[in-house]
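Single-letter residue listing:
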Amino acid sequence: MSRFVRASKYRHVFGQTAKKEHGYDNVKVSGSAWDTNLVSASGRYISVNWNASGGGAFAILPLPSPFAAVPNFPYKLPDVIPLARSHTAPVLDTDWSPHNDSIVASGGEDGKVMIWKVESSAFEDWGQDHWVPEDFDPVARIDASPRKIGQVLFHPTASNVLASASSEHTVKLWDLADTDRPRSVLTGHSDTIQCLAFNPTGTLMATTCRDKKLRLFDPRAGGEAVRITEAHGGIKGARVVWMGDLDKIVTTGFSKMSDRQVSIWESGGLGSVKTMTIDQSAGVIMPFWSDNGILFLAGKGDGNIRYYEYESDSLFALAEHKSPDPQRGICFLPRRALNVSDCEIARAYKVSGSSVEPVAFIVPRKADSFQSDIYPAAASSEPSLSASEFFAGKTAALKLVSLENGAVFNGAQLTLTPSAPAPAPAPTHAPASTAFSVPPPVTKAVTMPTPVAHTPVVLRSESAPVPRPASPISESPVILTPPTQVDDEVRTLSTTVLEAEVDRLNGELRAAREKIRNMELQVEGLKANARKAAQALME
């Protein structure tokens, strides 16, 4: 055994379970057997699939914190609470808009997709003597499919763009300004779609399917996948998540021998980078990626949450959060809403039995200032594109927000090593949500739009810091700097400049690779359309 320990600032991260009164109890979780996370979170609210009679429903509740109880709100929920109740069959999945913490989408067995807007006044006087529960009403209804809707997912950069996966084995993309028809339909799945995920800019979508294949789509072009590969050999549930801006994909699934596995794939050609066997348990593993470079794995029916740090195409085990209560579902909070004053780098919401409990993952440090080395910029709540711009072929990088001061800026990529720390502590509250606005209907987009190349924006505040002169000239001629110190300072200056240049070149390389990949996807799409046209002529 090696006596050298790999250096990592996350090596001692631990999970802290909240007190009982800081979560929710008496939660009537849905009994549906559909493979879903059951819970979803925004920066202000959580949604939980509910076990309701007379149709489908889900609950919307204020966001609980692991550090304090929700003000003026009971932790033990009343037997009758307001629900989102317009579905006629069980709700299977919900997803919160990344651009508005008050907007949530739901999909159900009735084939409907619904959009809901939450008003803060809905939670006034909860549990009081004169309080009367009033159910939520949807602001939009979409007849998405004649069969059940298993997954819904908002676009990461374009506002009011939603994807839905149905038991017709298709994925449809909707512009919420015009829901009469889908703007794009992704086909080619031969069995149930199990999971879908956008890349950070939303130009690619990855899906896993019960036919054991991993597929990569151009979501705007529609049609069949541009890349397909064999994924995990088992037929049980497989999940997929993008590894931020690293141009890699993580999948979890089962081998032919029913071993639970996690695999890393490069996104260009879907080549396998690494596959690890986790254990032989039966529960589906739910993967979650953090821009700190940490992969969280939570198995259904498990009491533990494992987490690994990614480095040099390998996953290094950090630790695991253990609990005697098995989880039925789990989700993670958007990073922009974390409590940075307590060095919280991630937060999970765990559904267990009849409770929802927050779990904070904390770096054990005692510091009064903002810890910039463990807080890279997070995805902002501001969209980069409108729905019409996205479907017209425009591409834009994710907008980022500094967790130190809340400043929003355009980012070419999410950086794992941010700038130097500043002395002031960061605010701990989530940024205020913008009002829900639906863009006007737009003209039809062409089938194969040519994406606009996006030039990365490199800001001085996020790049390598510009060093001060190593040895300022003193006005007094008798004060001299030792030669050894001068050499060290010059060497440090040279190293800093070189690192800045390397970072700039790496950013340009990533942008060039993204452009090449988009062009390859267009070519693949044109070839697929040509094959379809030739087949139609033959018939």
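Quick note: structure is the one above.
Everything numeric here is computed off the predicted structure, so don't read it as measured data.

A. Structural detail: the overall build of the chain. Each helix and strand in the chain was counted, giving two helices and 31 strands. In the chain, 58% of the contacts between residues at least 6 apart in sequence involve partners at least 24 apart.

B. Main features of the environment of R141. Looking at the element boundaries, R141 is found in strand β9 (residues 138-143). Judged by its relative accessible area of 52%, R141 falls in the exposed class. In contact with R141, not counting residues within four places along its chain, are S86, V113, M114 and T179.

C. Up close: the environment of S53. Within the secondary structure, S53 is located in the loop between β3 (45-50) and β4 (56-62). With 32 residues separating them along the chain, S53 and R85 place their C-alpha atoms 10.0 Å apart.

D. Region of the structure containing the pattern of salt bridges. Tallied over the entire structure, the rule returns 23 salt bridges. The salt bridge involving D143 is made with K112; its shortest N-O contact spans 3.6 Å. With D143 in strand β9 and K112 in strand β8 (residues 112-117), this pair connects stretches of sequence that are 31 residues apart. Residue D143 is classed as exposed on the basis of its relative accessible area of 61%.

E. Region of interest: the sheet that holds β4. Overall, antiparallel pairing links the four strands, which are arranged β2-β3-β4-β5 in an open sheet. On the outer flanks of this sheet lie β2 (39-41) and β5 (84-87), each paired with one strand and no other. The sheet shows a mean angle of 20° between the axes of neighbouring strands, direction not considered. Here β3 pairs with β4 via six bridges, running antiparallel. Each residue of the ladder has a partner; that of I46, found in β4, is L61.

F. Representation of unusual backbone geometry within the structure. One non-glycine residue with positive phi stands out, namely D247, at about 60°. The backbone of L270 sits at a positive phi, close to 60°, despite the residue not being glycine. Considering the arrangement of structural elements, one finds L270 in the loop between β20 (260-266) and β21 (272-279). The buried category is assigned to L270, whose relative accessible area is 3%.

G. Looking closely at the sheet that holds strand β31 (residues 408-410). Read from one edge of the open sheet, three strands run β29-β30-β31, paired in antiparallel fashion. Each of the sheet's edge strands pairs with one partner strand only, and the pair in question is β29 (378-379) and β31. Sheet analysis places β29 next to strand β30 (residues 399-401), joined by two bridges and oriented antiparallel. In the strand pairing of β30, A378 is matched with V401.

H. Looking closely at the side chain of T252. Along the chain, T252 turns up in strand β19 (residues 248-254). Accessibility expressed as a relative area gives 1% for T252, which makes it buried. Here I285 takes part through its backbone oxygen, which lies 2.8 Å from a polar atom of the side chain of T252. Discounting residues that sit within four places of it in the chain, T252 has contacts with H232, G237, A238, R239, Q261, V262, I285, P287 and L297.

I. Representation of the nonpolar core in the model. Grouped together as the largest cluster of nonpolar side chains are 40 residues, with contacts concentrated most on Y24, I60 and L77. Sorting the residues of this core by element identifies β2, β3, β4, β6 (91-96), β8 and β27 (344-352) as the ones contributing at least two each. The greatest single-element share of this core, amounting to five residues, is contributed by β4. Core analysis: the second largest hydrophobic core is formed by 28 residues, A298, I330, V340 and I345 among them.

Conventions we followed
- Residues numbered from 1 in each chain as written.
- Predicted model: local features only at pLDDT ≥ 70, side-chain atom pairs only at ≥ 80, totals over all residues.
- Heavy atoms only, no water.
- Helix = DSSP H or I, 4+ residues; strand = E, 2+ residues; numbered from the N terminus.
- Contact = heavy atoms within 4.5 Å.
- Buried < 20%, exposed > 50% of the residue type's maximum accessible area, 1.4 Å probe, protein only.
- Salt bridge = Lys/Arg side-chain N within 4 Å of Asp/Glu carboxyl O.
- Pairing = 2+ DSSP bridges.
- Axes fitted to C-alpha atoms, helices over the stretch in contact; angles between N-to-C directions.
- Polar contact = N/O pair within 3.5 Å; in protein donor to acceptor, adjacent residues only side chain to side chain.
- Core = buried A, V, L, I, M, F, W, Y, C linked by side-chain atoms within 4.5 Å.

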